Amino acid sequence: QVQLVESGGGLVQTGGSLRLSCAASGWNFRNYAVAWFRQVMGKEREFVAGISGGSYTSYSDFVKGRCAISRDNAKNMVYLQMSSLKPEDTAVYYCAARWMTTSTRGNTYDYWGQGTQVTVST
C-alpha cells in the first residue's frame with residue numbers, strides 16, 4: 001500500500017525552526033518528485049517547495065532563503081527544513097508525490113500524506 005506520512009510539525013515561536021519529514025512506504029519513490037504544500041482553513045492550498053526525482057529543488061518566493069528541501073532515497077524520506085518562521089507560516093503542511101518532475105499544481109500529484117500542523121506563535 002502506497003503511503004506518505006508527515007511528521008515534525010508543532011508549535012514554535014516566531015523566528016524558530018522546524019524540520020518536517022515525509023516518509024514514503026509501499027513503493028520505491030526514487031524516481032518520484034516530492035513536494036510540500038500548505039493550507040490554511042478556508043484558503044487555497046499552496047506550493048511551498050519541491051524536489052524532483054533528479055533532486056532539483058524549487059521553492060515558492062515566500063519561503064526562499066528560509067527553507068531547504070532534501071531527500072534521502074535510501075530511507076525513502078524527504079525533509080523540509082524551515083527557519084526564521086513567521087506567524088503567516090502557520091498551516092497544515094502536506095507532502096505529495098508524482099512521477100519525476102515537480103509541479104506547483106497540487107492536482108497533478110498522485111499521492112498525498114495526511115498533513116502535519118505547524119503553528120508559529122507571536
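On a predicted model such as this, the values are computed, not experimentally measured, just so you know.

On to the overall build of the protein. Helix and strand counts for the protein stand at 0 helices and 11 strands. Order of helices (α) and strands (β) in the protein, N terminus to C terminus: β-β-β-β-β-β-β-β-β-β-β. Computed over C-alpha atoms, the radius of gyration of the protein comes to 13 Å, within 12% of the 14 Å expected from 2.2 N^0.38 for 122 residues, which places it in the range of a compact globule. In terms of principal-axis extent, the alpha carbons of the protein reach across some 40 × 30 × 25 Å. Taking all 122 residues of the protein together, 44% fall into the buried category. Considering only intrachain contacts with a sequence separation of at least 6, the fraction spanning at least 24 residues in the protein is 59%.

With that settled, consider the sheet that holds strand β1 (residues 3-7). Taken in spatial order, the 4 strands line up as β1-β3-β8-β7 in an open sheet, and their pairing is antiparallel. Two strands lie at the open edges of the sheet, namely β1 and β7 (67-72), each paired on one side alone. Neighbouring strand axes in the sheet, compared pairwise and without regard to direction, differ in orientation by 15° on average. Across 5 bridges, the pairing between β1 and strand β3 (residues 18-25) is antiparallel. By the bridge assignment, V5 is partnered in β3 with A23.

By size, the foremost hydrophobic cluster in this structure holds 27 residues, and its most contacted members are V34, W36, V78, L80, M82 and Y93. Contributing elements (two or more residues each) for this core: β3, β4 (32-39), β5 (46-51), β7, β8 (77-82), β9 (91-99) and β11 (116-121). Not counting chain neighbours up to four residues away, the residues in contact with Y93 comprise E6, L20, W36, F37, R38, V48, M82, G115, T116 and V118. Counting residues in hydrophobic clusters, the runner-up holds 5 residues, among them A35, F37, F47 and A96.

Turning to the pairing of β11, a few remarks are in order. Side-chain alternation along β11 places T116, V118 and V120 on a buried face and Q117, T119 and S121 on a face that remains uncovered. Summarising the sheet, strand β2 (residues 10-13) and β11 pair through 4 bridges and their orientation is parallel. Note that in β11 the partner of V12 across the bridge is V120. One ladder, built from 3 bridges, connects β9 with β11; its direction is antiparallel. Bridging from a neighbouring strand, V92 pairs with Q117 of β11.

It is worth spelling out unusual backbone geometry at this point. Of note, the phi angle at N76 is positive, near 55°, even though the residue is not glycine. Position of N76 among the secondary structure elements: in the loop between β7 and β8. On the basis of relative accessibility, which here comes to 13%, the residue N76 falls in the buried class. Of note, S84 is a non-glycine position whose phi angle comes to about 50°, a positive value. Topologically, S84 is positioned in the loop between β8 and β9.

As for its position among the elements, T116 is in strand β11. Within the local environment of T116, its side chain forms a polar contact with the backbone nitrogen of G9, the two atoms lying 3.1 Å apart. If near-sequence neighbours (up to four positions away) are discounted, T116 is found in contact with E6, S7, G8, G9, L20, A91, V92 and Y93.

Conventions adopted
Residues numbered from 1 in each chain as written. Predicted model: local features only at pLDDT ≥ 70, side-chain atom pairs only at ≥ 80, totals over all residues. Heavy atoms only, no water. Helix = DSSP H or I, 4+ residues; strand = E, 2+ residues; numbered from the N terminus. Rg over C-alpha atoms; globule rule 2.2 N^0.38 Å. Buried < 20%, exposed > 50% of the residue type's maximum accessible area, 1.4 Å probe, protein only. Contact = heavy atoms within 4.5 Å. Pairing = 2+ DSSP bridges. Axes fitted to C-alpha atoms, helices over the stretch in contact; angles between N-to-C directions. Core = buried A, V, L, I, M, F, W, Y, C linked by side-chain atoms within 4.5 Å. Polar contact = N/O pair within 3.5 Å; in protein donor to acceptor, adjacent residues only side chain to side chain.

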